[in-house]
Amino acid sequence: MKAQINFNHLEKFDLNLGSEVKDWLSKYIYDQGYVFTEINYNFYTDEELLEINQKHLDHDFYTDIITFDNTIQNAISADIAISLERVKDNSQKNNLDFRKELYRVMIHGILHCMGYNDKNESQKQVMRSEEDKALEMFHVEQNKN
């Protein structure tokens, strides 16, 4: 089976994520010593992701991302659900570029598949540091082209 990264449900948000995003995610994964089989990014509204959060995790709150991790050893396989409304709100609240915040959330899901957690403050700091490294890699790769 060919390794693939899929972006699902983007059409309803008038958002385009090009091959450079897939290339960046692939390169980051491989550079970390992992491979991947299939990663599905599914994009939702706040209400849609809240429903998923309630149904699958028994959580009754809004979130920007839920990662359903099916990784086995170093072969990443995941369904990653992202609320684009929550990403947009967070980017505005924190005065950040929307796309940069979206890429941060996207790599955040991958990091969970690599065993990173963000349950406490120490873990959150490590996670943020890894997100920053991945975002810097995206920036460097884009400047090569």
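Above this note sits the structure.
Because the structure is a prediction, the values reported are computed rather than measured.

**Q** Break down the packing of helix α1 (residues 19–31) against helix α4 (residues 98–113) for me, with residues and values.
**A** Closest axis-to-axis distance for the α1/α4 pair is 11 Å, and the angle between their directions is 35 degrees. Of the two possible hands of crossing, α1 and α4 adopt the one that is right-handed. Residue-level inspection shows Val21, Trp24, Leu25, Tyr28 and Ile29 of α1 in contact with α4, the latter providing Tyr103, Met106, Ile107, Ile110 and Leu111.

**Q** Break down helix α2 (residues 46–57) for me, with residues and values.
**A** Compared with an ideal rise of 1.5 Å per residue, which puts twelve residues at 16 Å, α2 spans 15 Å between its outermost C-alpha atoms and is within 8% of the ideal. When we look at burial in α2, the residues that qualify are Asp46, Leu49, Leu50, Ile52 and Asn53. Each buried residue of α2 sits inside an arc of 160 degrees when the element is viewed along its axis, so together they form one side. Those residues of α2 that are exposed and aimed more than 90 degrees away from the buried face are Glu51 and Lys55. Where α2 is buried, its residues touch β2 (35–44), β3 (65–69), β4 (75–83) and α3 (84–93). One or two positions beyond α2, positive phi appears at aspartate 58, with a value near 55 degrees.

**Q** Account for unusual backbone geometry, naming residues and giving values.
**A** Despite not being glycine, aspartate 14 has its phi angle at roughly 50 degrees, a positive value. Within the secondary structure, aspartate 14 sits in the loop between β1 (4–8) and α1. Looking at aspartate 14, the relative accessible area reads 77%, which means it is exposed. Its identity is not glycine, yet asparagine 95 carries a phi of approximately 55 degrees, on the positive side. Relative to the helices and strands, asparagine 95 is located in the loop between α3 and α4. The class for asparagine 95 is exposed, based on a relative accessible area of 73%.

**Q** Go over the sheet that holds β1, please, and point to the residues and values.
**A** Strand order in the open sheet formed by four strands is β1-β2-β4-β3, and the pairing between neighbours is mixed. Edge strands, defined here as strands with exactly one partner in the open sheet, are β1 and β3. Strand-to-strand twist in this sheet, taken as the mean axis angle between neighbours without regard to direction, amounts to 10 degrees. Note: β1 against β2, five bridges, orientation parallel. Bridged to isoleucine 5 within β2 is isoleucine 39. Running at roughly 70 degrees to β4, α3 makes contact with β2 and β4 of the sheet.

**Q** So what about α1? Which residues, and what values?
**A** In an α-helix, one full turn covers 3.6 residues, which means residues spaced three or four apart are oriented alike. The first and last C-alpha atoms of α1 sit 18 Å apart over 13 residues, in line with the 18 Å expected at 1.5 Å per residue. Of all the residues in α1, the buried ones are Val21, Trp24, Leu25, Ser26, Tyr28 and Ile29. Glycine 33 occupies a position one or two residues after α1 and carries a positive phi of about 85 degrees.

**Q** Break down the packing of α3 against α4 for me, with residues and values.
**A** Contact geometry of α3 with α4 gives a least axis separation of 9 Å together with a crossing angle of 125 degrees. Here α3 is positioned oblique relative to α4, judged by the angle of their axes. As α3 runs across α4, the sense of the crossing is right-handed. Taking contact as the criterion, the partners of Leu84, Val87, Lys88, Asn90 and Ser91 in α3 are, on α4, Phe98, Glu101, Leu102 and Val105. Tallied by class, residues from the contact of α3 with α4 come to five nonpolar, two polar and two charged.

Procedures and definitions
- For every chain, the first residue of its written sequence is number 1, and the numbers climb from 1 along that sequence.
- Totals for whole chains, interfaces and linings use all residues, but because this is a predicted model, local features are given only for residues with pLDDT of at least 70 and pairs of side-chain atoms are given and counted only at 80 or more.
- Side-chain calculation: all heavy atoms of the structure are included, whereas hydrogens and water are not.
- The axes are straight lines fitted to the C-alpha atoms, using for helices just the contacting stretch, and the angles between their N-to-C directions are given from 0 to 180°.
- Secondary structure is summarised from DSSP: a helix means a run of H or I of at least four residues, a strand means a run of E of at least two, and numbering begins at the N terminus for each.
- Crossing handedness follows the turn of the near helix against the far one: under a right angle anticlockwise gives a left-handed crossing, and clockwise gives a right-handed one.
- In this description, contact between two residues means that some pair of their heavy atoms is separated by no more than 4.5 Å.
- To estimate how far a helix should extend, the number of its residues minus one is multiplied by 1.5 Å.
- Each residue gets one of three labels from its accessible area relative to the maximum for its type: buried under 20%, exposed over 50%, partly exposed in between, using a 1.4 Å probe on protein chains only.
- Directions from the helix axis toward the C-beta atoms define the arc.
- Two strands form a pair only when DSSP identifies at least two bridges running between them.
- The scheme is simple: roughly parallel for angles under 35 degrees, roughly antiparallel for over 145, roughly perpendicular for 65 to 115, oblique for anything else.
- Gly is placed with the polar residues, together with every amino acid not listed as nonpolar (Ala, Val, Leu, Ile, Met, Phe, Trp, Tyr, Cys and Pro) or charged (Asp, Glu, Lys and Arg).

These results come straight from atomic positions and should not be treated as a statement about function.
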